[in-house]
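Report on the structure
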Protein chains: 2
Amino acid sequence: MEKEKRMTPAGEHVLRVASGMFYREGIRAVGVEAIAAEAGVTKKTLYDRFGSKEGLIVAYLRARDERWRAWMEESVGGEGRSAKERLLSTFDALEGWIQHENPRGCGFVNAAAENPDPSHPAHAMAVEQKKWLREYFTKLAEEAGSETPGDLAERLVILHEGATVAHSLEAATDTARKAKEIAAILVADLPE
Amino acid sequence: MEKEKRMTPAGEHVLRVASGMFYREGIRAVGVEAIAAEAGVTKKTLYDRFGSKEGLIVAYLRARDERWRAWMEESVGGEGRSAKERLLSTFDALEGWIQHENPRGCGFVNAAAENPDPSHPAHAMAVEQKKWLREYFTKLAEEAGSETPGDLAERLVILHEGATVAHSLEAATDTARKAKEIAAILVADLPE
DNA sequence: GAGTAACTATACCGGTATGTATACTAACAA
DNA sequence: TTGTTAGTATACATACCGGTATAGTTACTC
């Protein structure tokens, strides 16, 4: 569905620069001219690689999504710990992510806020990312022996998103830790 | 600090129209020209009333904030129910608000997402609104006899924000109810 | 009845947005 | 050697952005 353009060095560099600007300043607030200038590249190169600003936005969100999933899955780990521990460790993953890559809130929530139209790719990708998170939680909840894994997963999503937003708007401190403590109560009845 | 311009019929109408457009389509996505046209008013009228687009944005957020606080305080009510009940009823207020005025997520979170610069009025007002919510919860938590009202309030904020975001990105259903159930656990030890 | 506040109508301004066109260079591969 | 790919540099097209200027109208008030 998406033509996966082969990446060149200049293309990768543009994507890296644009990702930082999009996240820090907002997608609509940043123009292609500014991106090209910041990357030390001509607009032609940018358009040769990404086709349009929207193409660049999609590439930005896709790359961010991949990094997020990798971060989460690596933090959670596989064997060696119980499913219940893995469920709770998603909040440790979130804490690290917030500190290192997410001071300004969730990039997908922000992208969706800037593009309310559900048919817009940015909005659709945000929905997609949250769907992945919910299904990932559902899988972990099943493994942990929950009788209502879908329901538990939704509650964990609420805690995750709440921790992210509350942190970015300075409504609370140490939000990932607090969310984890609440989650611990929710999974207290699950077998170790 | 803010010159409170007297409102005229045309001014109020512009504000009402602009509020709907800002919320539905995004602040940056809507131009003053489109607002004036939609309101059936000339740009001169708009600028006479609000001075600038930013002035209109501030008026939009301020009005929304006032409606939100009124909605919350009225839903929670005063006497006749225990402080614990009032704490939990904030989630009923949220549920109604989401259904009637908030299908696209929190207007303040969205505004802050579009304006990452903390010195921007829209961002500052979003932070302010969340601060109010936290302090409101703190007050209710104190009245309910919590030994750590500030901490409890922050956890409730996380649940509120999470429910709002999760709903708007279709990551979960019935989010306010689920958040309320979680909150009920958090306040279970408080006296009736 | 003169002044003023709130409006309409319309034209205009400079800046900036996304996107395109043209011409040239360097590296590399058939 | 000839063509292709990935770049640079620069100019341009077109549209729209927030905001202003000028002129005229209606209605209420002192």
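These numbers come from a predicted model, not from an experiment. (Residues numbered from 1 in each chain as written. Chains lettered and ligands numbered in written order. Predicted model: local features only at pLDDT ≥ 70, side-chain atom pairs only at ≥ 80, totals over all residues. Heavy atoms only, no water.)

**Some details on the relation of the copies chain B and chain A**
Two copies of a chain can be linked by a rotation about an axis combined with a shift along that same axis. Between chain B and chain A, the superposition needs a rotation of 180° and an axial shift of 0.0 Å, giving an RMSD of 0.0 Å. The relationship between the two copies is best expressed as a two-fold rotation axis. When C-alpha distances to the rotation axis are compared across chain B, the minimum falls at Gly162 of chain B, with a value of 1.7 Å. (Least-squares fit on C-alpha atoms with pLDDT ≥ 70 in both.)

**Focus on the environment of Pro103 of chain B**
Residue and element names in this part refer to chain B. Along the polypeptide, Pro103 turns up in the loop between helix 5 (83-101) and helix 6 (107-114). Separated by 64 residues in the primary sequence, Pro103 and His167 place their C-alpha atoms 7.9 Å from one another. The contacts of Pro103, once residues within four sequence positions are left out, are Tyr23, Ile98, His167 and Ser168. (Helix = DSSP H or I, 4+ residues; strand = E, 2+ residues; numbered from the N terminus. Contact = heavy atoms within 4.5 Å.)

**Points about helix 8 (residues 149-168) of chain B**
All names here are of chain B. Compared with the 28 Å implied by 1.5 Å per residue over 20 residues, the 29 Å span of helix 8 between its first and last C-alpha is a close match. Counted residue by residue, helix 8 has 17 buried out of 20 residues, so it is predominantly covered. One or two residues past the end of helix 8 sits Glu170, with phi positive at roughly 55°. (Expected span 1.5 Å × (residues − 1). Buried < 20%, exposed > 50% of the residue type's maximum accessible area, 1.4 Å probe, protein only.)

**With respect to the side chain of Asn110 of chain A**
Assignment of secondary structure puts Asn110 of chain A in helix 6 (residues 107-114). For Asn110 of chain A, a relative accessible area of 9% corresponds to the buried category. In contact with Asn110 of chain A, other than residues within four places in its own chain, are Arg104 and Gly105 of chain A together with Ala113 of chain B.

**A few points about the protein's contact with DNA strand D**
In the neighbourhood of DNA strand D, 18 residues make up the surrounding shell, with Thr8 and Thr45 of chain A together with Val32, Lys43 and Lys53 of chain B lying closest. Of all atoms in DNA strand D that approach within 4 Å of the protein, 62% are sugar or phosphate atoms. In the environment of DNA strand D, a phosphate oxygen lies 3.0 Å from a nitrogen or oxygen atom belonging to the backbone of Ala10 of chain A. Taking Lys43 of chain B, its side chain carries an N or O atom lying 2.2 Å from a base oxygen of DNA strand D. Going through the elements one at a time, helix 1 (9-25) and helix 3 (43-50) of chain A together with helix 3 (43-50) of chain B are the ones with two or more residues in the surface near DNA strand D. In terms of residue class, the surface near DNA strand D is made up of six nonpolar, six polar and six charged. (Near = heavy atom within 4 Å. Polar contact = N/O pair within 3.5 Å; in protein donor to acceptor, adjacent residues only side chain to side chain. Nonpolar A, V, L, I, M, F, W, Y, C, P; charged D, E, K, R; others polar.)

**Points about the pattern of salt bridges**
Under the criterion given, the structure shown has 24 salt bridges over all chains. Asp65 of chain A is the partner of Arg69 of chain A in a salt bridge, and the nearest nitrogen-oxygen pair spans 2.9 Å. On the criterion of helical spacing, the pair formed by Arg69 of chain A and Asp65 of chain A is a turn pair, its members being four residues apart in helix 4 (residues 53-76). Overall, Arg69 of chain A belongs to the partly exposed group, its relative accessible area being 24%. Using a relative accessible area of 11% as the deciding quantity, one classes Asp65 of chain A as buried. Three or more residues joined by partner-sharing salt bridges are found here, namely Asp151 and Arg155 of chain A together with Asp174, Arg177 and Glu181 of chain B. (Salt bridge = Lys/Arg side-chain N within 4 Å of Asp/Glu carboxyl O.)

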